[in-house]
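# Report on the structure
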Amino acid sequence: MDKSHALRRTFKRKEFSLIIVLILVVIFFGILTHGKFFKPLNIRNILNAMVIVTFLTIGEGMLIIYGNIDLSAGTVGTLSAIVMAHSVMTFGLPWWVGILMAVCMGLITGCISATLITRLHFQPFIATLAMKSVCEGLADVFGNASAIKIENKALSWIGNFKFANNVIPVAVIIALLFMLIYGIILAKTKFGRMIYLCGGNRQAAFLTGINPVKMCYVLFMNMGALAALAGCMLAARVSSATVTGVNSNQFSGVTAAILGGISFGGGSGGMIGAFIGLLLLNVFNNGMTLIGLDPYWQTVASGVLLLVALIIDYYNTRGTGKRS
Amino acid sequence: MERYLEVNNISKSFPGVKALQNISFRAESGTVTALLGENGAGKSTLLKVLSGVLKPDEGTVVISGKEVKVQDTHSAFEAGISIIYQERQLIPMMSVAENIFLDDSPEKKFGFVDRRTLRAETQKLLDKFQLPFGPDELVGRLPVAYQQMVEIMKAYRRDADIIAFDEPTAPLTEKEIRILFSIIEELKQQGKVILYVSHRMNEIFEITDRIVIFKDGQMVDVVNTAETTEAALIRAMVGRDIGDTYNKLDRNTVIGEVILEAKGLTNDVISDVSFQLHRGEVLGFAGLVGAGRTETVRAVFGADRITSGEILIHGEPVKITSPKEAIASRIALCPEDRKEQGLILKQTIRSNISMPVLSKIKNGLLLSRKKEKALADEAVEKYDIRTPSIDKIAGELSGGNQQKVILGRWTSSLIDMDILILDEPTKGIDVGAKSEIYQTICNLAKEGKGVILISSELTEVINLSDRIIVMHNGHVTGTMTREEATEENVLALAMQD
């Protein structure tokens, strides 16, 4: 009896309907491109395109479950990549110290955002919008408004080496590993559970001994660190840290999380969903390019996709508890 | 034509509660009619029906011979009803003048607001009410008492036939109360129908002409103010059958040593609150809404700061600055609002129960579903939570079962608290589930726990508690045993001025 209940729940889960949607989209583009879509090279392209956004999706997904959002992730990533490039190229530090410096940069910006939100009670939207500008400006200043060339074997290997006959990129494996580890943290650990509890009802969480303020700091700093890694991955791939870096990927992270069923109301969704959302987003983008859709119309289509996800989210959350 | 307000057979039910049952009375022009009753007796519900916030299930409202259908707040204005609520309905970022003329500002051509007239009219009102601030002052910057006066001016300006005041004097000083009363006197002279809700007996005797007494959603009596006494009113408010519910309870009889002592707890709401809680004791906190009971227990639990005072557990002074520290001192709080503060409605019963003990259901780094299931099963078993599965969403449970989930959270083999604070545990719960919760409270005491019980239902708090602390306005105004306590003497302490 308990089993059939669990089974019914599985079918009702958002992830289940998402997989159906993903399969339909894949079949749709498969037919429309006469199978070109399924070629190994194209699948590699899709996975490769996911790498940068994966890091952002993990961080944003966790923040949205907690009930906040970080609009500065993109520019934090850009700024951090420039910090790494300077560390390695200007100061001649080892590549891994460079990445460490970038991560520190991300931790600092995350800490500032969390302070603005928890101590000064700024809306997360406003606080991180300001941080976005600050980081964008700093990236310009330190990057001398152009790009810093990176010549480093290790970084180039991380960014471009491909295993198995030039098919599976290192970067993809790293990104998927992160997704897996964070997925386990979110679903299976005390820390992960506390994110859901805070997002579901902060007062109730507080009254059972959880410290939502501390959680806020951890999650924003985590977001900053992940954004920094996204920045470093991109810089490693293109062998330079540019002043626009991952800026344009800012909203892809949020979009993938929302597509994956992480509700803006907080307290629901999960990493499996976010991963499917990420796949969906990239399959969609890739498919549109393959069929030769005008790039401007691609942007419109992406927007419509997000709207559809939000509408589904609205009907799913309506009636099941309150939206905050 | 004579003005009057007639309420005929108004009834209103909420799930599990009959908030109003067949209320009928008539209020005449040029008189002040008091609505009197305990918390939850139905006064505020009636005002909400009159103002169109709530729709009655049955009954009619007749104003001066014409039946009015109050659909919403706007149609209430049209019908000539103006209600001044306890919670002020002002816009803090707008000026006094803009707030007073919110719904119909004087206009110039093309719909522009005529600021000059707006300010002049407001100034006239301010002079009349003898208030020391200007029309351009932002409402949000005024002290609470003045905000209340702005609210009253708003209703006065509308020139409504029926004006209802919901505890208007609560935030006012003596001088402001005098001004308000002279205004009410003037409204009487103008032949308005005035309804006046207050807990303050001396005010009721000073300005009202007739008194409608409410109890448990029913109207128990209508008397002329000149022909009654304070004692008679209190008797009418509380006199009800206690029933067998309390006699049947299997109570704890062994009361042990002091396990919690609060000394002089003070913050911006409560002042100098001291009490002792013994092992095996149910300690009740009685008082009106806003008396500071919830604030007291939140301070004990570390959810609110205290500016001075001391908490001792088993005789040892402890510093509690967060719920986490309180929990470590084996204190648990079941908060007053189950849905807003107690449960995570979107989450399952399972994860609502495991909230405070996540560290204890781990296997290495990961949470163990097996241990969590065992914990939830234990609570379901112990409190007889009626649910098909522990994976049911907490928001889908009935009020009584939700309360049991919260109790189950704090009393299990993994976490066993010495001190349980229950803030309004039976609020919005149907009668059957209530008596289950009553027995649960007695059982907790029998297990040797100290239980603090806050309830706005007087019979409940008096009949369940071994001792009752009465609070008023942030102070403790009395302590008595169950044998000493009567609804009359508790209410007298809770309502004193």
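What you are looking at is a predicted structure, and each value in this text was computed from that prediction instead of being measured.

## What about a nonpolar patch on the surface?
All names here are of chain A. A cluster of nonpolar residues, Phe28, Leu32, Ile291, Leu293, Trp297, Val300, Val304, Val308 and Ile312, forms a patch on the protein surface that exposes about 810 Å² of accessible area. Every element with two or more residues in the nonpolar patch is listed here: helix H2 (14-32) and helix H15 (295-317). It is H15 that provides the largest number of residues to the nonpolar patch, a total of 5 residues. Tracing the chain through its elements places tryptophan 297 in helix H15. In this structure tryptophan 297 comes out as exposed when scored by relative accessible area, which is 56%.

## A look at the interface of chain B and chain A
In this assembly, 34 residues from chain B lie in contact with 25 residues from chain A. Of the roughly 2500 Å² buried between chain B and chain A on both sides combined, carbon and sulfur atoms contribute 60%. Taken together, chain B and chain A are joined by 1 salt bridge. Two residues, arginine 193 of chain A and glutamate 372 of chain B, come together in a salt bridge whose shortest N-O distance is 2.6 Å. Of all the elements, helix H11 (residues 338-342) of chain B adds the most residues to the side of chain B that touches chain A, at 4 residues.

## Section: the packing of helix H3 (residues 40-66) of chain A against helix H14 (residues 271-290) of chain A
When two helices pack together, their arrangement is given by the angle between their axes and by how far apart the axes lie. All names here are of chain A. Where H3 contacts H14, the two axes come as close as 9 Å, and the packing angle between them is 140 degrees. On the basis of their axis angle, the class for H3 and H14 is oblique. The handedness of the crossing between H3 and H14 is right-handed. Along its contact with H3, which presents Asn42, Asn45, Ile46, Ala49, Met50, Val53, Thr54, Thr57, Ile58 and Met62, the element H14 presents Met271, Ala274, Phe275, Leu278, Leu279, Asn282, Val283, Asn286 and Leu290. Taken together, the residues that form the contact of H3 with H14 break down as 13 nonpolar, 6 polar and no charged.

## Looking at the sheet that holds strand E12 (residues 273-278) of chain B
Residue and element names in this part refer to chain B. Read from one edge of the open sheet, 4 strands run E12-E11-E14-E15, paired in antiparallel fashion. The open sheet has two edge strands, E12 and strand E15 (316-318), and neither has a second partner. If you compare each strand with its neighbour and ignore which way they point, the axes differ by 20 degrees on average. For strand E14 (residues 308-313) and E15, the ladder comprises 3 bridges, and the chain directions are antiparallel. Among the inter-strand pairings, isoleucine 313 is bridged to a residue of E15, identified as glutamate 316.

## A few points about the side chain of lysine 434 of chain B
Along the chain, lysine 434 of chain B turns up in helix H15 (residues 431-446). In contact with lysine 434 of chain B, not counting residues within four places along its chain, are Thr426, Ile429, Glu457 and Glu460 of chain B.

## As for unusual backbone geometry
Residue and element names in this part refer to chain B. The backbone phi angle of asparagine 9 is positive, close to 50 degrees, even though this residue is not glycine. Taking relative accessible area as the criterion, asparagine 9 reaches 43% and is therefore assigned partly exposed. The phi torsion at glutamate 424 lies on the positive side, around 50 degrees, for a residue other than glycine. With respect to the helices and strands, glutamate 424 occurs in the loop between strand E19 (419-423) and H15. Given a relative accessible area of 10%, glutamate 424 falls into the buried group.

## Some remarks on the pattern of salt bridges
All names here are of chain B. A full pass over the atoms with the stated rule returns 30 salt bridges over all chains. One salt bridge in this structure joins arginine 467 and glutamate 281, with 2.7 Å as the shortest N-O distance. In this pair, arginine 467 is assigned in strand E21 (residues 467-472) and glutamate 281 in the loop between E12 and strand E13 (282-287), connecting sequence segments 186 residues apart. Grouping residues by exposure puts arginine 467 and glutamate 281 together as buried. Notably, a salt bridge pairs lysine 373 with aspartate 377, separated by 2.9 Å at the nearest N-O pair.

## Quick notes on the sheet that holds E13 of chain B
All names here are of chain B. Spatially, 6 strands are ordered E16-E19-E20-E13-E21-E22 in an open sheet, and the strand pairing comes out mixed. The sheet is open, and its two edges are formed by strand E16 (331-334) and strand E22 (475-481), each paired on a single side. When the angles between neighbouring strand axes are averaged without regard to direction, this sheet yields 20 degrees. Relative to E21, E13 runs parallel, the two being bridged by 5 bridges. Within E21, the position partnered with glycine 284 by the bridge is isoleucine 468. Helix H17 (residues 487-495) rests against E13, E21 and E22 of the sheet, and its axis sits at about 30 degrees to E21.

Basis of the calculations
- Residues numbered from 1 in each chain as written.
- Chains lettered and ligands numbered in written order.
- Predicted model: local features only at pLDDT ≥ 70, side-chain atom pairs only at ≥ 80, totals over all residues.
- Heavy atoms only, no water.
- Patch = residues over 30% accessible without salt bridge, like charges linked within 9 Å, V, L, I, M, F, W, Y side chains within 5 Å.
- Areas by Shrake-Rupley, 256 points an atom, 1.4 Å probe, with all protein chains shown as cover.
- Salt bridge = Lys/Arg side-chain N within 4 Å of Asp/Glu carboxyl O.
- Helix = DSSP H or I, 4+ residues; strand = E, 2+ residues; numbered from the N terminus.
- Buried < 20%, exposed > 50% of the residue type's maximum accessible area, 1.4 Å probe, protein only.
- Contact = heavy atoms within 4.5 Å.
- Buried area = accessible area lost by both parts, 1.4 Å probe.
- Axes fitted to C-alpha atoms, helices over the stretch in contact; angles between N-to-C directions.
- Parallel < 35°, antiparallel > 145°, perpendicular 65-115°, else oblique.
- Left-handed = near helix turned anticlockwise from the far one by under 90°.
- Nonpolar A, V, L, I, M, F, W, Y, C, P; charged D, E, K, R; others polar.
- Pairing = 2+ DSSP bridges.

That is the geometry; function is a separate question.
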